[in-house]
Amino acid sequence: MKTSDFNFDLPAELLAEHPSEHRDEARLMVLDRKTETIEHKLFKDVVDYFDEGDLFIFNNTKVFPARLYGNKEKTGAKIEVFLLRELDKETRVWDVLVDPARKIRIGNKLFFTEDESLVAEVIDNTTSRGRTLRFLFDGSYEEFRAKLKELGETPLPKYIKRDVEPEDAERYQTIYAKVEGAVAAPTAGLHFSKHLMKRLEIKGIDFAEVTLHVGLGTFNPIEVEDLSKHKMESEEIFIDEKNAQIINNAVDAHKRVCAVGTTTMRTLETSVSSNKKISAFHGWTNKFIYPPHEFGVANCMITNFHTPKSTLIMMIAAFAGRDFIMHAYEEAVKEKYKFYSYGDAMLIL
């Protein structure tokens, strides 16, 4: 399989700048892998495809306000700092991306507040835009994290050209988000409302949770034509004993097991054993799923519509078949479905 096998024309106006007015009223394209048929629904109709004892698995990661703006010492140039990963809690060292990167060198200092209460020093280069920063802050760790939260803004994807609005803090977060650590939302989950969760519960559908802290690995473009040469960046995952058991019970009972989102699917596929069992796990995954791939746990999935040549469209092509997915995407463009983070959804059965 080659990267170019996953290219298609995506009109710019189909990239969603805003979410649908109500979470569960985004559009839903339903794909049946057996019959290779397509239906057009609303997201809240997802209830109709599941029965008592079926299982939804959610990624409960929580997005933190990862985008900060600082000023470079001496010149005062405005620099965007995108927090990626805390490397050392004690010394307050973080991996970040900076923009514009050409202006930021080792030894530079960035000032985030007028009173200079939060300053960062560049201590290393990691990639063309990547830097390692040591934050200088006179206060406890809790106060430091509170200051980052106060100064940071919701890390909407770069394709959204508008300014961040107050509603983004709530809408770019799933309603079941619990464990802080993601720099991007697990977007398939954004379509679930409290009302929809209640309807699923009343129908007897079970829920399990896993955690994958979404980093930039999920979104980094593929710069090679041969997919076997692409390396994913690692992202941290957790599955506890209780949720592993819930998942295994549903698999054993031959129920419908639905992975909500590509990040949930990657977490499951990282921790599944050869006998198709999930074990409790805490570690890192750089698993890149593309065709052909045999999936061990979930037999259906919910996902958003992804951009051309992305690792995300490759995973769903591995799940539903490349030709069927590319046909479905043609249909999505024709029917003017909205794409990407704030876009519409797809249920693959």
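Note that this is a predicted model, so its numbers are computed, not measured.

Helix and strand content of the protein: seven helices and 17 strands. Computed over its C-alpha atoms, the radius of gyration of the protein comes to 21 Å, within 12% of the 20 Å expected for a compact globule of 349 residues. Principal-axis analysis of the C-alpha atoms places the extent of the protein at approximately 65 × 45 × 40 Å. For the protein, the proportion of its 349 residues judged to be buried stands at 54%. Contacts spanning at least 24 positions in sequence make up 71% of the contacts within the protein whose residues lie at least 6 apart. With an accessible surface of roughly 16000 Å², the protein has 47% of that area assigned to carbon and sulfur atoms.

Here we come to the domain arrangement of the protein. By a widespread convention, an interface's size corresponds to the accessible area lost as its parts come together. Each domain of the protein was delimited in the assignment, giving domain 1 (1–61 + 167–346) and domain 2 (65–149). With centres defined by C-alpha atoms, the gap from domain 1 to domain 2 works out at 32 Å. Taken residue by residue, the interface counts five residues in domain 1 and eight residues in domain 2. Both faces considered, domain 1 and domain 2 share a buried interface measuring about 540 Å² in area, 58% of it formed by carbon and sulfur atoms. Summed over the shared surface of domain 1 and domain 2, the result is two salt bridges. Of the charged contacts, one joins lysine 149 and glutamate 180 as a salt bridge, the two residues approaching to 3.2 Å between their closest N and O atoms. In this structure, the connection of domain 1 to domain 2 is made through two residue pairs in polar contact (both at pLDDT 80 or more).

Quick look at the pairing of strand β7 (residues 93–99) now. Counting buried residues along β7, six of its seven residues qualify, which places the element largely inside the surrounding structure. Pairing between strand β6 (residues 78–88) and β7: seven bridges, direction antiparallel. From the neighbouring strand, phenylalanine 82 faces β7, where its bridge partner is leucine 97. The loop that links β6 with its antiparallel partner β7 comprises four residues; one of these, arginine 92, has a positive phi angle of about 60°.

A few words on the nonpolar core. Of all hydrophobic cores here, the largest spans 64 residues; its most connected members are Ile247, Ile325, Phe339 and Met346. With eight residues, the single largest contributor to this core is helix α6 (residues 311–320). Those residues in contact with phenylalanine 339 that lie beyond four places of it in its chain are Phe8, Leu10, Leu14, Leu15, Ala16, Tyr159, Phe305, His306, Tyr329, Ala332 and Val333.

With an omega of 0°, the peptide bond between aspartate 99 and proline 100 qualifies as cis. With respect to the helices and strands, proline 100 occurs in the loop between β7 and β8 (109–111). Proline 291 connects to proline 292 through a cis peptide bond whose omega is -10°. Position of proline 292 relative to the elements: it lies in the loop between β15 (281–285) and β16 (300–304). Even without being glycine, lysine 276 reaches a positive phi, approximately 65°. For lysine 276, the position within the fold is in the loop between α5 (262–271) and β15. Take lysine 276: its relative accessible area is 35%, and that puts it in the partly exposed class. One non-glycine residue with positive phi stands out, namely lysine 309, at about 60°. Here lysine 309 is to be found in the loop between β16 and α6. Look at lysine 309 and you get partly exposed, because its relative accessible area is 37%.

Definitions and limits used
- Residues numbered from 1 in each chain as written.
- Predicted model: local features only at pLDDT ≥ 70, side-chain atom pairs only at ≥ 80, totals over all residues.
- Heavy atoms only, no water.
- Helix = DSSP H or I, 4+ residues; strand = E, 2+ residues; numbered from the N terminus.
- Rg over C-alpha atoms; globule rule 2.2 N^0.38 Å.
- Buried < 20%, exposed > 50% of the residue type's maximum accessible area, 1.4 Å probe, protein only.
- Contact = heavy atoms within 4.5 Å.
- Areas by Shrake-Rupley, 256 points an atom, 1.4 Å probe, with all protein chains shown as cover.
- Domains from an automatic or database assignment.
- Buried area = accessible area lost by both parts, 1.4 Å probe.
- Salt bridge = Lys/Arg side-chain N within 4 Å of Asp/Glu carboxyl O.
- Polar contact = N/O pair within 3.5 Å; in protein donor to acceptor, adjacent residues only side chain to side chain.
- Pairing = 2+ DSSP bridges.
- Core = buried A, V, L, I, M, F, W, Y, C linked by side-chain atoms within 4.5 Å.

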